[in-house]
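# Structure at a glance
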Amino acid sequence: MMWPSVALLTFVTLQRLGELVLARRNTAALLARGAREVAPEHYPAMVALHAGWIIGLWLLAPGRPIGLFWFLVFMGLQALRLWVLATLKERWTTRIIILPGAPLVSSGPYLFLRHPNYAIVVGEIAALPLAFGLPLYALVFSFLNAFILLIRMRAENAALESAMILK
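A short tour of the structure in this document, coming up. (Residues numbered from 1 in each chain as written. Predicted model: local features only at pLDDT ≥ 70, side-chain atom pairs only at ≥ 80, totals over all residues. Heavy atoms only, no water.)

### Topic: the environment of Arg114
The test is simple: Think of it this way: any DSSP run of H or I at least four residues long counts as a helix, any run of E at least two long counts as a strand, and we number them from the N terminus.
Residue position: Arg114 is located in the loop between strand S2 (97-98) and helix H4 (116-131). The spatial distance from the C-alpha of Arg114 to the C-alpha of Leu77 is 17 Å, given a sequence separation of 37 residues.

What follows is the structure, given as structure tokens:
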């Protein structure tokens, strides 16, 4: 049966496209308030990685059965993603944006992790392919994502420290 896998892939694709629209809107609003983008040079690689992940899943996963355990893990991560979005509100974006004078968000999931959204993405990159029974795919994209996240987190932490937001 093909429809469950196609439905799940459609959900993820529409979710990611919606997030790009939200991120673009929030980024424009933050920049209009005097924010600045930091380390934009890695952003195209990050977008390409995520686009490649979704495109590859569209090529490999339709018609594959969905494993219940990994599907539930993935859906639990979606609830955590909503928690991050609700916590950051208009400050959520897919870019590294520093708003001078704005305090570091320290509520919601940020009480527990400095970068909860990145932890969620790490889980998603692995869990969705695993739900489709694609462990090698999960491993390859997890490795690529880890490389991008190392670059991104270093740049973000350095920007926050230079803005004296982190101590």
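### Looking at the layout of surface pockets
A probe matching the size of a water molecule, rolled over the atoms, marks out where space remains unfilled. Selection rule: In this analysis a 1.4 Å probe is tested at points of a 1 Å grid over the protein atoms alone, and where it fits but cannot get out there is a cavity; an open set with protein on both sides within 12 Å along at least five of seven lines is a pocket; lining residues have an atom within 4 Å of a point. Grid points are joined across faces, edges and corners, and a volume is the space filled by probe spheres set on the points. Classes in brief: Ala, Val, Leu, Ile, Met, Phe, Trp, Tyr, Cys and Pro nonpolar; Asp, Glu, Lys and Arg charged; the others, Gly included, polar.
The space that makes up the largest pocket amounts to roughly 890 Å³. Trp92, Thr93, Thr94, Asn117 and Arg152 are, among the 39 residues lining the largest pocket, the residues nearest its centre. Those elements that place two or more of their residues in the lining of the largest pocket are helix H1 (3-32), helix H2 (43-60), helix H3 (68-88), S2, H4 and helix H5 (135-162). Residue classes in the lining of the largest pocket are distributed as 25 nonpolar, six polar and eight charged.

### A few points about the side chain of Arg81
To be explicit about the condition: Buried means the residue's accessible area, taken with a 1.4 Å probe over protein chains only, is under 20% of the maximum for its type, while exposed means over 50%, and partly exposed covers the values in between. Residue contacts are counted whenever heavy atoms from the two residues lie within 4.5 Å of one another.
Counting through the fold element by element, Arg81 comes out in helix H3. For Arg81, a relative accessible area of 3% puts it in the buried group. When neighbours within four sequence positions are excluded, Arg81 is seen to be in contact with Gln15, Arg16, Glu19, Asn117, Ile120, Val121 and Glu124.

### Side note on the environment of Glu37
Here is the rule: Two N or O atoms count as a polar contact when they lie within 3.5 Å, although within protein this holds only if one can serve as hydrogen donor and the other as acceptor, and sequence-adjacent residues are included solely when both atoms are side-chain atoms.
You can see Glu37 is positioned in strand S1 (residues 36-37). A relative accessible area of 29% means that Glu37 is categorised as partly exposed. In this structure the C-alpha to C-alpha distance between Glu37 and Ile97, which are 60 residues apart in sequence, comes to 4.5 Å. If we skip the residues at most four places from it in the chain, Glu37 touches Leu31, Arg95, Ile96 and Ile97. Here Arg95 takes part through its side chain, which lies 2.8 Å from a polar atom of the side chain of Glu37.

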